[in-house]
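# Structural features, examined
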Amino acid sequence: SVAGLMRLDPGASVEPHVHRRSHHHVWVVEGSAVVQGRTLAAGSYAHIPAGVRHGTTSLEPDGCTLFYLYVREPSP
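Below or above, wherever it landed, is the structure these notes cover. This one's a predicted model, so the numbers in the text were calculated from it and none came from an experiment.

Rules behind the numbers
- Residues numbered from 1 in each chain as written.
- Predicted model: local features only at pLDDT ≥ 70, side-chain atom pairs only at ≥ 80, totals over all residues.
- Heavy atoms only, no water.
- Helix = DSSP H or I, 4+ residues; strand = E, 2+ residues; numbered from the N terminus.
- Buried < 20%, exposed > 50% of the residue type's maximum accessible area, 1.4 Å probe, protein only.
- Contact = heavy atoms within 4.5 Å.
- Core = buried A, V, L, I, M, F, W, Y, C linked by side-chain atoms within 4.5 Å.

### Looking at the environment of Ala42
- Topologically, Ala42 is positioned in the loop between β4 (38-41) and β5 (45-48).
- Residues Ala42 and Val71, 29 residues apart in the sequence, show an inter-C-alpha distance of 22 Å.

As structure tokens, this is what we get:
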């Protein structure tokens with residue numbers, strides 16, 4: 001697993017990408033963001049299953065701080 005904090009300035013984005021073998025869990029700590037087409041405010045959570053293309057865009061005026069966790073699927 002990998003965990004961390006990410007700060008995005010207002011209007012900044014993380015380009016769409018895929019984690020082929022990791023589930024992506026994200027919590028909005030401060031501000032607001034659009035994650036996989038959903039607008040999330042502080043305190044919100046999103047789960048992106050492994051293999052699903054997704055991106056993130058922070059919203060005006062404050063940007064956002066995200067706590068993220070990647071949980072790798074076990075090898076077959």
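Following the structure, the description resumes.
### Some details on the environment of Ala3
- Mapped onto the elements of the fold, Ala3 is located in strand β1 (residues 2-8).
- Using a relative accessible area of 49% as the deciding quantity, one classes Ala3 as partly exposed.
- For the pair Ala3 and Ala42, spaced 39 residues apart in sequence, the C-alpha to C-alpha distance is 18 Å.
- When near neighbours in sequence (up to four residues on either side) are disregarded, Ala3 contacts Phe67, Tyr68 and Leu69.

### What to know about the nonpolar core
- Counting residues in hydrophobic clusters, the biggest one holds 10 residues: Leu8, Val26, Val28, Ala33, Val35, Leu40, Ala46, Ile48, Cys64 and Leu66.
- Every element with two or more residues in this core is listed here: β3 (22-35), β5 and β7 (64-72).
- No other element matches β3, which puts four residues into this core.
- Those residues in contact with Leu40 that lie beyond four places of it in its chain are Val28, Gly31, Ser32, Ala33, Val35, Tyr45 and Ala46.

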